[in-house]
Amino acid sequence: MAAVIETHSLGFLVIVLALAVSVRGNSEGDALYALRRSLSDPDSVLQSWDPNLVNPCTWFHVTCNGDNHVTRVDLGNSKLSGHLVPELGKLEHLQYLELYKNNIQGTIPKELGNLKSLISLDLYNNNISGTIPPSLGKLKNLVFLRLNDNQLTGPIPRELSSVSSLKVVDVSNNNLCGTIPTSGPFEHIPLNNFEHNPRLEGPELLGLASYDTNCS
């Protein structure tokens, strides 16, 4: 009798675990499918993004790890237009978000600050507007932040100065304002990565001037 109960318990546990994997996979798939719905895709590069699958690991342009967590989204130079969605912030294992050289508009969702595993955020050469979210300062594994050649406004968030892992920051060719940070990782970022922002002043003078001068 005990053996029968143990077998039933084991079977129940397997079902529970399977459901947990399915729900987890679907949450990531739902997040990516929300992105698909927000984008115009003239070349059908997102055709394989089927929300009826258990998880998105079989979709083209999506990479997963051994636990079926999404770690990469590679959609650079894909002729996509539309806007980013806050649901992307649910991809907590995502390491690379590559959406460069498209025609994406709208703003950068503050929810991207929830991507605690993110190494590379490449949104350059789009038509993105609005400000750079201060929440990106929470991305403590971020190495590459390339937002150049967009329509971004406002200051460079000082929260980014605390991201010690940052090696590359490029915000050139936008409409940013204020001054350029000089602390933390910004000590080693070349000034040409900030050029062609008509309202962006030179490097801030710590203790001598407010960094948001002429920035509203």
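Residues numbered from 1 in each chain as written. Predicted model: local features only at pLDDT ≥ 70, side-chain atom pairs only at ≥ 80, totals over all residues. Heavy atoms only, no water.

- Where an unreviewed UniProt entry is consulted, the protein chain appears under the name Leucine-rich repeat protein 1-like, with the organism given as Nicotiana tabacum.

## Regarding the overall build of the protein chain
Item 1. When helices and strands are counted, the protein chain shows one helix and 13 strands.
Item 2. Ordering the α and β elements of the protein chain from the N terminus gives α-β-β-β-β-β-β-β-β-β-β-β-β-β.
Item 3. Residues counted as buried form 42% of the 216 residues belonging to the protein chain. (Helix = DSSP H or I, 4+ residues; strand = E, 2+ residues; numbered from the N terminus. Buried < 20%, exposed > 50% of the residue type's maximum accessible area, 1.4 Å probe, protein only.)

## A look at the sheet that holds strand S7 (residues 120-122)
Item 1. Sheet architecture is open: six strands sit in the order S2-S3-S5-S7-S9-S11, paired in mixed fashion. Whereas interior strands pair on both sides, the edge strands pair on one side only; in this sheet they are strand S2 (62-64) and strand S11 (168-170). Taken over all neighbouring pairs, the strand axes of this sheet differ in orientation by 15° on average, direction set aside.
Item 2. Relative to S7, strand S5 (residues 96-98) runs parallel, the two being bridged by three bridges. The residue of S7 that forms the bridge with Glu-98 is Asp-122. (Pairing = 2+ DSSP bridges. Axes fitted to C-alpha atoms, helices over the stretch in contact; angles between N-to-C directions.)

## Here's the deal with the sheet that holds strand S12 (residues 175-180)
Item 1. With parallel pairing, four strands are arranged side by side in an open sheet as S8-S10-S12-S13. With one partner strand each, in any of the chains shown, strand S8 (129-130) and strand S13 (199-203) form the two edges of the open sheet.
Item 2. By the bridge criterion, two bridges tie strand S10 (residues 151-154) to S12 in an arrangement that is parallel. For Thr-153, the partnering residue across the bridge sits in S12 and is Asn-175.

## Details of the nonpolar core
Item 1. Grouped together as the largest cluster of nonpolar side chains are 48 residues, with contacts concentrated most on Leu-32, Trp-49, Leu-88, Leu-97 and Leu-121.
Item 2. Residue assignment for this core shows that the elements contributing at least two residues are helix H1 (2-38), strand S3 (70-74) and S12.
Item 3. When residues in this core are grouped by element, the largest group, four residues, is from H1.
Item 4. For Leu-97, the contacting residues outside a window of four places in its chain are Val-73, Leu-88, Leu-112, Leu-118, Ser-120, Leu-121 and Asp-122. (Core = buried A, V, L, I, M, F, W, Y, C linked by side-chain atoms within 4.5 Å. Contact = heavy atoms within 4.5 Å.)

## Remarks on the confidence of the model for the protein chain
Item 1. This prediction gives the protein chain a mean pLDDT of 88; 83% of its residues lie at or above 70.
Item 2. This stretch, residues 13-25, has a pLDDT under 50; its non-local contacts, to residues over four places away or in other chains, come to seven contacts. (pLDDT = per-residue confidence, 0-100.)

## Remarks on the state of the cysteines
Item 1. Inspection of every chain in the model, using the stated rule, returns one disulfide.
Item 2. Bridging Cys-57 to Cys-64, the disulfide has an S-S length of 2.1 Å. Residues Cys-57 and Cys-64 are joined through a disulfide that is left-handed, its torsion about the S-S bond being -95°. (Disulfide = S-S within 2.5 Å.)

## What to know about unusual backbone geometry
Trans is the common state for peptide bonds, and a negative phi is the common state for residues other than glycine.
Item 1. A positive phi is found at Asn-77, a non-glycine position, where the angle reads about 55°.
Item 2. Topologically, Asn-77 is positioned in the loop between S3 and strand S4 (81-83).
Item 3. The backbone of Lys-101 sits at a positive phi, close to 55°, despite the residue not being glycine.

## Some thoughts on the pattern of salt bridges
Item 1. Enumeration according to the criterion identifies four salt bridges in this entry.
Item 2. Two residues, Lys-110 and Glu-111, come together in a salt bridge whose shortest N-O distance is 3.3 Å.
Item 3. Of the residues examined, Lys-110 reaches a relative accessible area of 57% and is grouped as exposed.
Item 4. One salt bridge connects Arg-146 with Asp-122, and the closest N-O pair in it is separated by 2.6 Å. One end of the pair, Arg-146, is in strand S9 (residues 144-146); the other, Asp-122, is in strand S7, with 24 residues separating them in the sequence.
Item 5. By relative accessible area, which is 3% here, Asp-122 ends up buried. (Salt bridge = Lys/Arg side-chain N within 4 Å of Asp/Glu carboxyl O.)

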